[in-house]
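Chain residues, written in single-letter form:
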Amino acid sequence: MTELLVLCTGNAARSVMAGFMLETLEAARGGTDLHIVTGGTHTVDGQPMGLRTRSALKALPELADVDFRRHRSRQVGMADLSRADLVVVMEADHVRFVRRHYPEAAVRTATIRRLCEVDDVIDPAGGEAAEYDACVAELWKLCGRLITLL
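From a predicted model like this one, the values you see are computed outputs, not experimental measurements. (Residues numbered from 1 in each chain as written. Predicted model: local features only at pLDDT ≥ 70, side-chain atom pairs only at ≥ 80, totals over all residues. Heavy atoms only, no water.)

**A word on the sheet that holds strand S2 (residues 34-40)**
- A sheet is described by the order of its strands in space; here four strands give the open sequence S2-S1-S3-S4, paired in parallel fashion. Looking at the sheet topology across the chains shown, the edges are occupied by S2 and strand S4 (109-111). Each adjacent strand pair in this sheet contributes to an overall mean axis angle of 25 degrees, direction not counted.
- Across four bridges, the pairing between strand S1 (residues 2-8) and strand S3 (residues 86-89) is parallel. (Pairing = 2+ DSSP bridges. Helix = DSSP H or I, 4+ residues; strand = E, 2+ residues; numbered from the N terminus. Axes fitted to C-alpha atoms, helices over the stretch in contact; angles between N-to-C directions.)

**Some words on the packing of helix H2 (residues 51-58) against helix H6 (residues 129-149)**
- Direction vectors running N to C along H2 and H6 enclose 50 degrees, while the axes themselves pass 9 Å from each other. When the axes of H2 and H6 are compared, the pair comes out oblique. Here H2 runs over H6; the crossing is right-handed. Across the interface between the two elements, Arg52, Thr53, Ala56 and Leu57 of H2 pack against Ala129, Tyr132, Asp133 and Val136 of H6. (Parallel < 35°, antiparallel > 145°, perpendicular 65-115°, else oblique. Left-handed = near helix turned anticlockwise from the far one by under 90°. Contact = heavy atoms within 4.5 Å.)

**Notes on the environment of Asp85**
- Along the chain, Asp85 falls in the loop between helix H3 (78-83) and S3.
- Taking the C-alpha atoms as reference points, Asp85 and Thr2, 83 residues apart in sequence, are found 6.2 Å from one another.
- If we ignore the near neighbours within four places in the chain, the residues touching Asp85 are Met1, Thr2, Glu3 and Arg108.

**Some details on the side chain of Ser15**
- Inspection of the secondary structure puts Ser15 in helix H1 (residues 14-28).
- Classification of Ser15 as buried rests on a relative accessible area of 0%.
- Reaching out from Ser15, the side chain makes a polar contact with the side chain of Asn11 at a distance of 2.9 Å.
- When sequence neighbours within four positions are dropped, the list of residues in contact with Ser15 reads Val6, Leu7, Cys8, Thr38, Gly39 and Met90. (Buried < 20%, exposed > 50% of the residue type's maximum accessible area, 1.4 Å probe, protein only. Polar contact = N/O pair within 3.5 Å; in protein donor to acceptor, adjacent residues only side chain to side chain.)

**Quick word on the pattern of salt bridges**
- The tally for this structure, following the rule as stated, stands at 12 salt bridges.
- Between Glu23 and Arg70 there is a salt bridge, with its nearest N and O atoms 2.5 Å apart. Taken together, the residues span a long stretch of sequence, with Glu23 in helix H1 and Arg70 in the loop between H2 and H3 at a distance of 47 residues.
- In this structure Arg70 comes out as exposed when scored by relative accessible area, which is 54%.
- Residues Arg69 and Asp67 are paired through a salt bridge, measuring 2.9 Å at the closest nitrogen-oxygen approach.
- Given a relative accessible area of 66%, Arg69 falls into the exposed group.
- Each of Arg113, Glu117, Glu138, Lys141 and Arg145 takes part in one network of salt bridges that share partners. (Salt bridge = Lys/Arg side-chain N within 4 Å of Asp/Glu carboxyl O.)

**Section: the environment of Thr41**
- Residue placement: Thr41 occurs in the loop between S2 and H2.
- Not counting chain neighbours up to four residues away, the residues in contact with Thr41 comprise Cys8, Thr9, Gln75, His94 and Phe97.

**With respect to the pairing of S3**
- The alternating pattern of S3 places Leu86 and Val88 and Val87 and Val89 on opposite faces, both of which are buried.
- Two elements, S3 and S4, share three bridges in a ladder whose sense is parallel. Looking across to S4, one finds that Val89 is bridged to Thr111.
- Handedness of the crossover joining S3 and S4 through helix H4 (residues 92-101): right-handed. (Right-handed = clockwise from strand over helix to strand, strands pointing away.)

Keep in mind these numbers describe shape, not what the thing actually does.
See below:
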C-alpha cells in the first residue's frame, strides 16, 4: 500500500480538497493500494471543513454525494511524515516547512504542481466562493493527473 500525505497550511481547504478528490479518483479506478492522509503545517486542530470548501467540492458531480463531515483539521507530525511514501504539498513554502522541520522527509516531498506541472496552488482561504470553486477546478485537474502517476 502507498501512503500518501497531502499538506497545505491550515488543513482546511487545499489539502482537504485534494484528499477527497484523490480518494474518489482512486475508488473510481478500482484501486485499493492508496492510503491518503491530510494535514497542515499551521493548523487549528479539530476544525471541520468550512462551508465554502464543502460547497466548492459538492459542485463537482463526482463528489456531490461524498460525506465530508468526517474531516477535522490537524497539524502534521513526525509520525505522518515517517509513514508517508510521498508527501504532496500545495506550495513551495510547504516544501520549505518539511525541509526545515522534518529534513528526513524532504526527499519524498513535492508540490502537486511540480509533480504534474509547475508552480503553486493558490490558497483560497478568506476569499469568495468563486475562489474556492476555481481552486476545486484546478485541484481536480491536478489530482486527475497525479492519480495516474501513483
